[in-house]
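Spelled out, the chains give:
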Amino acid sequence: MEQRQQRKGRDQQQQQPRTGDPDLKERLVGINRVAKTTKGGRTFSFGSIMVVGDEKGRVGHGLGKSREVATAIQKGIDDAKKNMISVPLVGSTIPHEQEMRYAAHILIRPASAGTGVIAGGAMRAVLESAGIKDVLAKSLGSSNPHNVVKATFNALKALRSADEVARMRGVSVSKVFHG
């Protein structure tokens, strides 16, 4: 039992964030290995899809490519930090349903408190990094993680809060909901 706790403590120490920002949490969505055949044999290269978020409404995604996995991951994190967006949240969920296509077709819906994140792998990483705790999500088209992450990102970018809609229409927030 003590040995397991020591091992667990060691694993937690190794999970230090690679970013300089302590409040940003990064998630690895996928690593892709490609090979180029040359005169001397095969040359391997790696690509990593990373999602970075503060779990308070800010999230970013990035792609890193390199000959080594560690540098590919670091490049992906740096790229993700450059592509950060803010997501409007209503409590622990999203303000409204959103459907988006970007080679992949995805659907995200708000859920009542306590539901949790009901989503597949690549989509789950983006939604959890954004700080969304209650949401129903479905990937309807492609299962390619690159396209699912980009479609989810575009869907989150298209979300609008009630205040934003009221400001655009030039009416009060109560008028938005009650006509």
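Definitions and limits used
- Residues numbered from 1 in each chain as written.
- Predicted model: local features only at pLDDT ≥ 70, side-chain atom pairs only at ≥ 80, totals over all residues.
- Heavy atoms only, no water.
- Helix = DSSP H or I, 4+ residues; strand = E, 2+ residues; numbered from the N terminus.
- Buried < 20%, exposed > 50% of the residue type's maximum accessible area, 1.4 Å probe, protein only.
- Contact = heavy atoms within 4.5 Å.
- Areas by Shrake-Rupley, 256 points an atom, 1.4 Å probe, with all protein chains shown as cover.
- Pairing = 2+ DSSP bridges.
- Core = buried A, V, L, I, M, F, W, Y, C linked by side-chain atoms within 4.5 Å.
- Axes fitted to C-alpha atoms, helices over the stretch in contact; angles between N-to-C directions.

(A) Geometry of the overall build of the protein chain. Helix and strand counts for the protein chain stand at 6 helices and 8 strands. Traced from its N-terminal end to its C-terminal end, the protein chain shows the element sequence α-β-β-β-α-β-β-β-β-α-β-α-α-α. Here the protein chain holds 179 residues, and 36% of them are scored as buried. Long-range pairs, those at least 24 residues apart, make up 55% of the contacts in the protein chain between residues at least 6 apart in sequence. For the protein chain, the exposed surface amounts to about 10,900 Å²; the carbon and sulfur share of it is 47%.

(B) Molecular detail of helix 3 (residues 121-130). A large share of helix 3 lies buried, amounting to 7 of its 10 residues. Buried within helix 3 are the following residues: Ala122, Met123, Ala125, Val126, Leu127, Ser129 and Ala130. Gly131 sits one or two residues past helix 3 and shows a positive phi near 95 degrees.

(C) Structural view of the pairing of strand 6 (residues 104-110). In terms of burial, strand 6 is largely enclosed, as 5 of its 7 residues are buried. Of the pairings in the sheet, the one linking strand 5 (residues 98-102) to strand 6 comprises 5 bridges and is antiparallel in character. By the bridge assignment, Met100 is partnered in strand 6 with Ile106. Where strand 5 folds back onto strand 6 in an antiparallel hairpin, the turn is made up of 1 residue, including Ala103, whose phi is positive at roughly 60 degrees. Of the strand pairs in this sheet, strand 6 and strand 8 (residues 135-139) are connected by 5 bridges, and their pairing is antiparallel. Its bridge partner being in strand 8, Arg109 is matched across the sheet by Leu136.

(D) Quick peek at the nonpolar core. One finds Val59, Val87, Ile108, Met123, Leu127, Ile132 and Leu156 to be the most contacted residues of the largest nonpolar core, which totals 27 residues. When contributions to this core are tallied by element, the ones reaching two or more residues are strand 2 (41-53), strand 6, helix 3, strand 8 and helix 4 (145-158). The greatest single-element share of this core, amounting to 6 residues, is contributed by helix 4. Discounting residues that sit within four places of it in the chain, Met123 has contacts with Ile106, Ile108, Ala137, Lys138, Ser139, Val148 and Thr152. Counting 7 residues, the second-largest nonpolar core is a separate cluster that includes Leu24, Met50, Val52 and Ala80.

(E) Quick look at the side chain of Thr152. Assignment of secondary structure puts Thr152 in helix 4. In this structure Thr152 comes out as buried when scored by relative accessible area, which is 0%. In this structure, Thr152 is in contact with Ile106, Met123, Val126 and Leu127, ignoring residues within four places of it in sequence.

(F) Seen up close, the pairing of strand 3 (residues 58-66). Note: strand 2 against strand 3, 8 bridges, orientation antiparallel. When the sheet's bridge partners are listed, Val51 is paired in strand 3 with His61. Between strand 2 and strand 3, which pair antiparallel and follow one another directly, the connecting turn spans 4 residues, one of which, Glu55, has a positive phi of 60 degrees. For strand 3 and strand 4 (residues 84-86), the ladder comprises 3 bridges, and the chain directions are antiparallel. By the bridge assignment, Gly60 is partnered in strand 4 with Met84.

(G) Seen up close, unusual backbone geometry. Although it is not a glycine, Glu55 adopts a positive phi angle of roughly 60 degrees. Residues other than glycine seldom take positive phi values, yet Ala103 does so here, at roughly 60 degrees. Inspection of the secondary structure assignment puts Ala103 in the loop between strand 5 and strand 6.

(H) How the structure looks around the sheet that holds strand 6. Strand order in the open sheet formed by 4 strands is 5-6-8-7, and the pairing between neighbours is mixed. Both outer strands of the open sheet, strand 5 and strand 7 (117-118), are each paired with one neighbouring strand and no more. Relative to strand 8, helix 3 is tilted by about 150 degrees, and along the sheet it contacts strand 6, strand 7 and strand 8. Against the sheet, helix 4 contacts strand 5, strand 6 and strand 8, and its axis sits at roughly 140 degrees relative to strand 5.

Just distances and angles here, no functional claims.
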